[in-house]
Amino acid sequence: MKPTTPMSPSPTSPITTDSVVRTFVEYFEDRGQRRITGSTLLPPPGDPVLFTTSGMHPLTPYLEGRPHPLGRRLVNVQRCLRTTDLDEVGDRTHLTVFEMLGTWSLGDYEGRQSLDWGYGLLTEGLGIDPGLLHATVFAGDGQTGPDTESLDLWERHGVPVELTVDDNWWSNGPTGPCGPDSEIFYWTGDTPPCSTPTQDDRWVEIWNHVMMRYRRLDDGTLVPLPQRNVDTGLGLERLASLLQGRTSVFECDVFEPWRRLLPGLWVLDENDLRLVGDHLRSAVVILGDGVRPSATGRGYVLRRLLRRTLTVLWRDDPTRGLGDLPDELVRHTLGHFRQDADAAALRQILAEEEQRFRRLLERGRQVLARPRFLGSLDDEDFRYLHDTHGLPRDLVVSLRSQ
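Residues numbered from 1 in each chain as written. Predicted model: local features only at pLDDT ≥ 70, side-chain atom pairs only at ≥ 80, totals over all residues. Heavy atoms only, no water.

**Student:** How should the pairing of strand β8 (residues 203-216) be read in this particular structure?
**Tutor:** The side chains of a regular strand alternate, first on one face of the sheet and then on the other. Judged by how many residues are buried, β8 sits mostly within the fold: 11 of 14 residues are covered. Here β8 runs beside strand β9 (residues 222-235); their pairing, made up of eight bridges, is antiparallel. In the sheet register, M212 faces β9, and the bridge partner there is N229. Turn length for the β8-β9 hairpin, with the two strands adjacent in sequence and antiparallel, is five residues, and the turn residue G220 shows positive phi of about 95°. (Buried < 20%, exposed > 50% of the residue type's maximum accessible area, 1.4 Å probe, protein only. Helix = DSSP H or I, 4+ residues; strand = E, 2+ residues; numbered from the N terminus. Pairing = 2+ DSSP bridges.)

**Student:** How should the environment of L329 be read in this particular structure?
**Tutor:** When you line up the elements, L329 lands in helix α9 (residues 327-336). Residues in contact with L329, not counting those within four places in the same chain, are P257, W258, L261 and L262. (Contact = heavy atoms within 4.5 Å.)

**Student:** In this structure, what is going on with the side chain of T136? I would like to understand it.
**Tutor:** The topology assignment puts T136 in strand β4 (residues 133-138). Of the residues examined, T136 reaches a relative accessible area of 2% and is grouped as buried. A distance of 2.9 Å separates the side chain of T136 from the side chain of N168, its partner in a polar contact. What T136 contacts, discounting residues up to four positions off in sequence, is E162, N168, D181, S182, E183, F185 and P197. (Polar contact = N/O pair within 3.5 Å; in protein donor to acceptor, adjacent residues only side chain to side chain.)

**Student:** Please clarify how the pattern of salt bridges should be interpreted in this entry.
**Tutor:** Where charged atoms of side chains with opposite charge meet at close range, the side chains can pair. Within this structure, the stated rule accounts for 21 salt bridges. Notably, a salt bridge pairs R202 with D200, separated by 2.8 Å at the nearest N-O pair. R202 sits in the partly exposed class, given a relative accessible area of 27%. Assessed through its relative accessible area of 11%, D200 is described here as buried. Put simply, E353 and R356 hold a salt bridge, and the shortest N to O gap is 2.5 Å. Taken together, the positions of E353 and R356, both in helix α10 (residues 343-368) and three residues apart, correspond to about one turn of that helix. When its relative accessible area of 1% is taken as the criterion, E353 is described as buried. A single salt-bridge network, built from bridges that share partners, covers R303, R307, E353 and R356. (Salt bridge = Lys/Arg side-chain N within 4 Å of Asp/Glu carboxyl O.)

**Student:** Which parts of the structure should I look at to understand the packing of aromatic side chains?
**Tutor:** Aromatic rings considered in pairs are described by the distance between their centres and by the relative angle of their planes. This model, assessed by the stated rule, comprises 12 aromatic pairs. Geometrically, the ring pair formed by Y27 and F28 is edge-to-face, given 5.1 Å between the ring centres and 75° between the ring planes. With respect to class, Y27 is no different from F28; both count as buried. Taking the centre distance of 6.4 Å and the plane angle of 70° together, the rings of Y119 and W154 count as edge-to-face. A residue pair is termed long-range when its members are at least 10 positions apart, and Y119 in helix α3 (residues 111-125) and W154 in helix α4 (residues 148-157) qualify at 35 residues. Each of the two residues, Y119 as well as W154, counts as buried. Ring pairing ties together the aromatic residues F24, Y27, F28 and W207, which thus form one cluster. Seen from the ring of Y62, R66 lies directly overhead, with NZ or CZ sitting 5.7 Å from the centre. In this arrangement the basic side chain of R393 is found over the ring face of F382, its NZ or CZ atom lying 4.1 Å from the centre. (Phe/Tyr/Trp six-rings, centres within 6.5 Å; stacked < 30°, edge-to-face > 60°. Lys NZ or Arg CZ within 6 Å of the ring centre and 35° of its normal.)

Spelled out as structure tokens, the structure:
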């Protein structure tokens, strides 16, 4: 096993997202993990989920017992998309499309080993001051006891621990694989660390280690999985921004071209600048994975992102358009996510979708001007507007508020 060299910023070797990825992957490869290729945003055929939302998603069959061709110890970098956090995009930690660093033990080592390696990577491999870390651990409930192994590990390293119940139980839904987790938090305040992660949002979660040992059945009971797994996830952009001393994910190096070019293109406040940058960047990645705008499914997620962007842009100036988007931003994003797509063709799709939305808005204003829709609207009105005129509820609400 090679010794780990801590990362530290310097004029000759700045911390970048690429260097974080290399350090992460090499650290775990030295410990017997085999790197698997991160898949696209699109789940495998037959999966009911529209987009891959976490690094573990494509590995579900192997977590449930199927042998993985590369063995029982895995590491990867997976691009993900989450729409559950759309209303939080614009704060300092949330993105729609992001990359997840992950490690897995498929019935091999236990949670204590995973946490020990995680602590080593953060403090030795990435050079984080241990005094800036805090952990949370599952306190136990009526079905399972407290996670004493994780608690003992953190106490041995001198890391403060907060015990919780709901915040430290991971599940992929009401049924299916689940288990206790231990989350690692990083202090971002300008004072010495204080309080606990559930009491102070200056503690930012950076890494989650899930001891995936159970399956929850329809009646709520827990049964053991065929093997005791460990599944960890670490947001790349969030970690990189902290290591680079930035105050938000939008200030890390992968957003540098966006922060450099967008303010000169469109005058927006900081929150709107972040939302527009996130949504357009996410739209490029979705297009790069082969999705096209449509009225349903994945295509509607893409359409919704673009329409949210245009709504913000047109709020102050209806002449703004996606055709103004610099080609450099499209090419930079495709390159970062290792996508082989024609930037000019994607820009044409953006332009066509913008024109489609302009026509829809004009038709929507005409329809909503009818006497029937001047008063309050009920569910039947919203269904009629959607089914007959193609006006989604959120668009109707937006038009009526203008």
